[in-house]
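Results of the structural survey
Residues per chain, in single letters:
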Amino acid sequence: MRKFLSFMLASVLFITLPPFHTSADQTAKNQSKESPHATISDKPTQTFKLDGLKEPAEILVDNWGVPHIYAKSQKDVYFAQGFNAARERLWQIDLWRLRGLGKLSEVLGPEYVDQDRAARLFLYRGDMDKEWEAYGKDTQKNATAFVKGINAYVEKTKENPDLLPQEFQTLGYEPSKWKPKDVAVIRSNGLIKSLNSEVARALTLKEHGKKAENMRKQLEPSHKIKVPKGLNLEDIPEDVLDVYNKAKESVYFDKMDNKIKTESLKELNEQVNDESGLGSNNWVIGPEKSKTGRPILANDPHRSVTVPSLRYMAHLSAPGMDVIGAGEPALPGISIGHNQDIAFGLTIFGHDQEDLYVYKTNPNNPSEYLYKGKWETMKSDTEKIRVKGQKAEKRKLEFTRHGPVIYKDEKNNRAFAVKSAWFEPGTAPYLGSMSYMNAKNWDEFKEAMNKWGSPSENQIYADTKGNIGWKPGGLTPKRKNWDGVMPVPGDGKYEWDGFLNQDKLPNEYNPKRGWIATANQMNLPDDYPYEKYQIGFEWTAPFRYQRIEEVLNNTDTFGIKDSQRLQNDFVSLPARRITNLLKGIKSKDQKVNEALKLLRDWDNNLTTNSSAGALFEVWYQKYLQKAVVASVLPEKAANDIGNGDPVVVLNLLEKPDQRFGKHPKKTRDKILLRSLKDAIGQTESLLGPDMAQWKWGDLHVAYLEHPLSDLTDQEKQKKMNVGPIPRGGSSYTVGATSFDKEFKQTSGASYRQVIDVGNWDNSVAINTPGQSGDPNSKHYDDLFSKWAEGKTFPLLFSRKAVEEATEKRIELVPEKDDSKDLAIKDLKPTQNISLNAGETVKIEFDSKPELNATFAIRIPLTNTLGSTNTIKESSNATELPLMETEPGHYVGYWTAISNVNTKGAEIEVKVADQNGNEKRKTAKGKLEIGDNCSK
């Protein structure tokens, strides 16, 4: 048995917390000097004593709930970020970890075993040294500090149960301790989505042919589909991706009907359409077009609109770094925002980073597959899944040389596995931002983005010198003999040949037009050799980008408020194109004629008060697109395809051809009138008979339901759920507001920022519904109305501005106070020491590395001597090395040569400075013993 003894010694001065001035930017330093500590001394202050923190740190929480974290080292600032993330979002990040690691069953029960197994299939299982190295310098160290901060808060909840979020009490479990690798090995939260469409394409071709596939999804740039040689489409079952999608799905409690369902082609296409709504916008304005004379960078990433919010805003300030913006609460760093030199923002780029492999398996052994003419055995791993309330279950995971096996058809001797960029080192979603967020210029930013793995990103850039740029990032598989748009045989004929050098990806720097924008559209340059590099052929519909382009090209100068308006722009380009087709069309039905006039007179702006907008969205989303597809395809094919590709549908409506029969234009007009009549009836049933009283915002709302609200009483539900509130827009407007079958918003820009590059305090942002995950906090939903109305708050950066807006101050201090001269931390009382001969304890302490120190442990009745490089009990004890695990942090192991049973101990530290002057300090107390020490 080995026990754990831990105490910390630090040779630093302890001073009552001063204001922290740690920005690497000289201007920020000067600003902070102008702000005396007294300006925040009267603010409410909360103090936490934390084991693992090296020096005091502080968090200034501003009026909008944004934590501004100041520390004296980068390690401490990440520790504080982790602690604060747990303070605000502990249940959310704990659930993220459990879901990602496949441990839901431990706390939620047997219903989650299948989801746990699926999640474990998609964990990173490679070399962790290579994994950490792939993200760049110090990522492992900083991620470790972040996790220690989370664990420090978990410890505080054990000391004070009032700190534990109510969700743990509702579900009856306690939060887990994290390991550093937890932030890296989870891959299933990434936005890699090509596999669903790849399989949908194969199934569509199998069941309905090329005509149906051309209506389902258009490839961009133009590309001819070829079924890979050796692939039999009949081999692919409709539910082949059930396990794959189970690995990616969210955690559902009583709302099992919300789970992802891909057991049929219709359901798979619905999933593909839902994923296409997860887009984003960003643009950057050069100084010559900017109203400020400085670059302006805007970003509004679109993800699920949830409570708590998907993203969390923070400001991290320490020597060598000063960065603010948003990230995901379970991850260290900032992925969207700015530092003192540059600003950055992201959208998804159209990389194809996945493939489905189809194998012929051995009839006598379904765990063998044919590869290059020989049977190859799948690697197998039996996982023990702990289950709440019952015995653990064992589940088998299998892997081919390409990746995890997600489906086995033993009747037909087939198996299916996924190869993905997910499984490469450095592809944990968004962890790569730890590198680029501290870049100081374009060259450093490009270098960092060339290491980016996943998800594939359009990163835009601006700096204080007036430069702007666009740099995509992400691993691009090199497929020499196929294009990636279909599944392929796993027999060895279709292999990735490494990854494309990211310098081969397009980029742009200071373009003449004076602006750059991306909105997930196909944005490969016209002269880009796309057939050579085959980056990807599936992109989001271009309507949002086209509207952004239209606005930016039609304005001579563009400012902060202009960007805010554009982020909330609800003009629908599909609506404009369709209403243009209504000129001259008449109906024998008077009500239809009234509707036609309503739509023709409309400005195509999907505001909350728009009656025409309400009718159009019901018509377009539920009737018109389906009617076009149904007029072209047989009934079964049309039912499976659903709405089809919006670009293909719109092009066919504008330019009707032989697909509509002998009289294309007449058929088109009939489709318009017939589907419009159906939509009128549906809208009347939803909003009443009076068209003039219809409002899009009465149908289309944002209502954020806490995942556990239905498990609580009505009083708690009122606190936990947020909304409803009317919303404008649609999935195709710049102000994107995708919605479900009931018109409730499901995704959109939960976070928005507009950065005034160089005049940082003039920047603005919003995060809905609020920063906190605690329903009892004022910051749980205080930003929701602002967000829905398109408003923002100041994204403050300078120390002076932050102090003026501070509403609460949080002090973080090391667990044990330091003395002023030698700063030896007091030993906290714990249990008595009881060691048998041969038992070993671990000793940890901190000291500035430039000092020479000797350390001695004195235990009554036992003479224990120490020196700078050994710790020993007596002259005949085994000497063990004292290791410096990182600068200033020392670890040693001490073995008792006889039984020890004592009520106290004495530590003597002798420190000699560089001039040879000696000082002594002795601290007395009981040593802390634990049970988790390993040699």
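This structure is a prediction, so every number in the text was calculated from the model and none was measured.

Glancing now at the overall build of the protein chain. When helices and strands are counted, the protein chain shows 27 helices and 44 strands. Going through the 935 residues of the protein chain one by one, you find that 60% of them count as buried. When the accessible surface of the protein chain is split by element, carbon and sulfur atoms take 46% of a total near 37400 Å².

Going through the model one piece at a time under the given rule, you end up with 37 aromatic pairs. For the ring pair tyrosine 436 and phenylalanine 445, a centre distance of 5.7 Å and an interplane angle of 65° mean the geometry is edge-to-face. A relative accessible area of 0% places tyrosine 436 in the buried class. Judged by relative accessible area, which is 0%, phenylalanine 445 ranks as buried. Judged by centre distance (6.2 Å) and plane angle (65°), the rings of tryptophan 760 and phenylalanine 797 are edge-to-face. One end of the pair, tryptophan 760, is in the loop between β29 (751-756) and β30 (764-767); the other, phenylalanine 797, is in the loop between β31 (793-794) and α27 (799-804), with 37 residues separating them in the sequence. Taken as a pair, tryptophan 760 and phenylalanine 797 share a single burial class, namely buried.

Below, the discussion takes up helix α14 (residues 442-449). Inspection of α14 places Trp442, Phe445, Ala448 and Met449 among the buried residues, and these make up the whole buried set. Relative to the axis of α14, the buried residues are bounded by an arc of 130° and lie together on one face. Looking at the buried positions of α14, the neighbouring elements they touch are β10 (342-348), α13 (433-436), β18 (457-463), β19 (468-473) and β23 (508-509). Its side-chain oxygen 3.2 Å from the backbone nitrogen of aspartate 443, asparagine 441 forms the N-cap of α14.

With respect to the secondary-structure elements, glutamate 198 resides in helix α9 (residues 194-208). Within the buried core, glutamate 198 has no salt-bridge partner, and the shortest N-O distance to an opposite charge, that of arginine 479, equals 5.8 Å. One polar contact links the side chain of glutamate 198 to the main-chain amide nitrogen of leucine 356, over a distance of 2.9 Å.

One recurring pattern in soluble globular proteins is that nonpolar side chains are buried together. Counting 127 residues, the largest nonpolar core has Phe253, Leu316, Tyr436, Phe445 and Leu812 as its most contacted members. With 14 residues, the single largest contributor to this core is helix α2 (residues 74-101). Leave out the neighbours within four places in its chain, and tyrosine 436 touches Ser335, Ile342, Phe344, Leu346, Phe445, Ala448, Met449, Trp452 and Gln459. If you look at the next biggest cluster of nonpolar residues, it comprises 52 residues, including Leu581, Leu599, Val618 and Phe660.

A word on the environment of arginine 311. With respect to the helices, strands and loops of the structure, arginine 311 is situated in the loop between β6 (296-304) and β7 (312-318). Each C-alpha atom, one on arginine 311 and one on glycine 770, is 9.7 Å from the other, the two residues being 459 residues apart in sequence. In this view, arginine 311 contacts Arg89, Pro301, Arg303, Ala326, Gly327, Pro329, Ile336, Ser750, Tyr751 and Asn767; residues no more than four positions away in its chain are not counted.

Glancing now at the pattern of salt bridges. The final tally for this structure, using the stated rule, is 47 salt bridges. When the shortest N-O distance is used, the salt bridge between glutamate 88 and arginine 87 registers 3.6 Å. A single burial state applies to glutamate 88 and to arginine 87, both of which are buried. Here lysine 791 makes a salt bridge to glutamate 789, at a shortest N to O gap of 3.2 Å. Residues joined by salt bridges that share partners form a network here, namely Glu58, Arg799, Glu803, Arg809 and Glu811.

For the pair helix α19 (residues 590-600) and helix α20 (residues 611-632), interaxial distance at closest approach is 9 Å and the crossing angle is 110°. Accordingly, the angle class assigned to the pair α19 and α20 is roughly perpendicular. Crossing of α19 against α20: the hand is left-handed. Residues Ala595, Leu598 and Leu599 of α19 lie in contact with α20, whose contacting residues are Ser611, Ala612, Leu615, Phe616 and Trp619. Grouping the constituent residues of the contact of α19 with α20 by class yields seven nonpolar, one polar and no charged.

Within the open sheet, the eleven strands sit side by side as β2-β32-β3-β4-β7-β8-β9-β10-β18-β19-β23. Their pairing is mixed. With partners counted over all chains shown, the strands left at the sheet margins are β2 (45-50) and β23, one partner each. Where β10 and β18 come together, seven bridges link them in antiparallel fashion. Bridging across to β18, isoleucine 342 finds its partner in aspartate 463.

Time to look at the environment of histidine 779. In this structure, histidine 779 sits in the loop between β30 and α26 (784-788). Counting along the chain gives 714 residues from histidine 779 to glycine 65, while the straight-line C-alpha distance between them is 5.9 Å. With near-sequence residues (within four places) excluded, histidine 779 lies in contact with Asp62, Asn63, Trp64, Gly65, Gly770, Gln771, Ser772 and Glu807. Engagement of the side chain of histidine 779 in a polar contact is seen with the side chain of aspartate 782, the distance being 2.8 Å.

Attention shifts here to the confidence of the model for the protein chain. Residues with a pLDDT of 70 or more make up 82% of the protein chain, whose mean pLDDT is 86. Confidence drops under a pLDDT of 50 for residues 255-260, and excluding neighbours within four residues, the segment shows nine contacts in the predicted structure. Under a pLDDT of 50 for its full length, residues 847-882 has, in the predicted model, 95 contacts with residues more than four places off or in other chains.

With that settled, consider α19. An α-helix turns once every 3.6 residues. As a result, residues three or four positions apart point the same way. Along α19, the residues classified as buried are Val592, Ala595, Leu596 and Leu599. Considered in projection along α19, the buried side chains sweep an arc of 105° and stay on one side of the axis. On its buried face, α19 is in contact with α18 (573-579), α20 and α23 (664-687). The N-cap residue of α19 is aspartate 589: its side-chain oxygen and the backbone nitrogen of lysine 591 are 2.9 Å apart.

Quick look at the side chain of arginine 547 now. Mapped onto the fold, arginine 547 is located in helix α16 (residues 543-553). Beyond its immediate stretch of four places on either side in the chain, arginine 547 contacts Asp569, Val571, Leu573, Arg576 and Val734.

Next up on the list: the environment of isoleucine 285. Here isoleucine 285 lies in strand β5 (residues 280-285). Using a relative accessible area of 0% as the deciding quantity, one classes isoleucine 285 as buried. Through-space distance from the C-alpha of isoleucine 285 to that of phenylalanine 558 is 7.4 Å; in sequence the pair is 273 residues apart.

Procedures and definitions
- Residues numbered from 1 in each chain as written.
- Predicted model: local features only at pLDDT ≥ 70, side-chain atom pairs only at ≥ 80, totals over all residues.
- Heavy atoms only, no water.
- Helix = DSSP H or I, 4+ residues; strand = E, 2+ residues; numbered from the N terminus.
- Buried < 20%, exposed > 50% of the residue type's maximum accessible area, 1.4 Å probe, protein only.
- Areas by Shrake-Rupley, 256 points an atom, 1.4 Å probe, with all protein chains shown as cover.
- Phe/Tyr/Trp six-rings, centres within 6.5 Å; stacked < 30°, edge-to-face > 60°.
- Arc of directions from axis to C-beta.
- Contact = heavy atoms within 4.5 Å.
- Polar contact = N/O pair within 3.5 Å; in protein donor to acceptor, adjacent residues only side chain to side chain.
- Lys, Arg positive; Asp, Glu negative; His and termini not counted.
- Salt bridge = Lys/Arg side-chain N within 4 Å of Asp/Glu carboxyl O.
- Core = buried A, V, L, I, M, F, W, Y, C linked by side-chain atoms within 4.5 Å.
- Axes fitted to C-alpha atoms, helices over the stretch in contact; angles between N-to-C directions.
- Parallel < 35°, antiparallel > 145°, perpendicular 65-115°, else oblique.
- Left-handed = near helix turned anticlockwise from the far one by under 90°.
- Nonpolar A, V, L, I, M, F, W, Y, C, P; charged D, E, K, R; others polar.
- Pairing = 2+ DSSP bridges.
- pLDDT = per-residue confidence, 0-100.

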